[in-house]
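Residue strings, one per chain:
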Amino acid sequence: MAAASGGGGAGSGAGDKHVSMELEYDDVTWERDRRGNPVMLGRGSFGIVYTGMLHSQPVAIKAEVL
């Protein structure tokens, strides 16, 4: 499974909205590079962020490292 997250950005105010949910792997159309690997946007100590599409909308998908 992967976690999808919306919101974020610089700063954290009272009006910020954060959405987090678990998705089935097949729910996402992963953007792929020339080798067929998912395109990675970033990596941190808690996971890797990939780019893809969900219901025809571009999304960033965080795959948590366990």
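In what follows, the structure referred to is the one given above.
This one's a predicted model, so the numbers in the text were calculated from it and none came from an experiment.

What counts, and at which threshold
- Residues numbered from 1 in each chain as written.
- Predicted model: local features only at pLDDT ≥ 70, side-chain atom pairs only at ≥ 80, totals over all residues.
- Heavy atoms only, no water.
- Helix = DSSP H or I, 4+ residues; strand = E, 2+ residues; numbered from the N terminus.
- Buried < 20%, exposed > 50% of the residue type's maximum accessible area, 1.4 Å probe, protein only.
- Core = buried A, V, L, I, M, F, W, Y, C linked by side-chain atoms within 4.5 Å.
- Contact = heavy atoms within 4.5 Å.
- Pairing = 2+ DSSP bridges.
- Patch = residues over 30% accessible without salt bridge, like charges linked within 9 Å, V, L, I, M, F, W, Y side chains within 5 Å.
- Areas by Shrake-Rupley, 256 points an atom, 1.4 Å probe, with all protein chains shown as cover.
- Salt bridge = Lys/Arg side-chain N within 4 Å of Asp/Glu carboxyl O.
- Lys, Arg positive; Asp, Glu negative; His and termini not counted.
- Charge placed at Lys NZ, Arg CZ, Asp CG, Glu CD.
- Phe/Tyr/Trp six-rings, centres within 6.5 Å; stacked < 30°, edge-to-face > 60°.

A. How the structure looks around the environment of H55. Checked against the element boundaries, H55 lands in the loop between β5 (47-54) and β6 (57-64). Taking relative accessible area as the criterion, H55 reaches 70% and is therefore assigned exposed. Distance from H55 to T29, taken between C-alpha atoms, is 8.8 Å for residues 26 residues apart in sequence.

B. Quick peek at the nonpolar core. Judged by nonpolar contacts, L23, V28, W30, I48, Y50, L54 and I61 together constitute the single largest core of seven residues. Setting aside its immediate chain neighbours within four residues, L54 contacts L23, D27 and V59.

C. Inspection of the pairing of β6 at higher detail. As judged from the eight bridges shared by β5 and β6, these two strands associate in the antiparallel manner. Residue pairing across strands places L54 opposite Q57, the latter belonging to β6. Following β5, the chain reverses through two residues before pairing antiparallel with β6; H55 in that reversal takes a positive phi of roughly 50°.

D. A negative patch on the surface, seen in detail. The grouping of E22, E24, D26, D27 and E64 at the surface amounts to a negative patch. Assignment of secondary structure puts E22 in strand β2 (residues 19-23). Taking the relative accessible area as the measure of exposure, E22 reaches 62% and is therefore exposed.

E. Broad picture of the packing of aromatic side chains. Within the structure shown, the criterion is met by one aromatic pair. Here the aromatic rings of W30 and Y50 are separated by 5.8 Å at their centres, their planes lie at 85°, and the arrangement is edge-to-face. With W30 in strand β3 (residues 29-30) and Y50 in strand β5, the pair connects residues that are 20 residues apart, well separated along the chain. Residue W30 is classed as buried on the basis of its relative accessible area, which comes to 11%. Assessed through its relative accessible area of 18%, Y50 is described here as buried.

Just distances and angles here, no functional claims.
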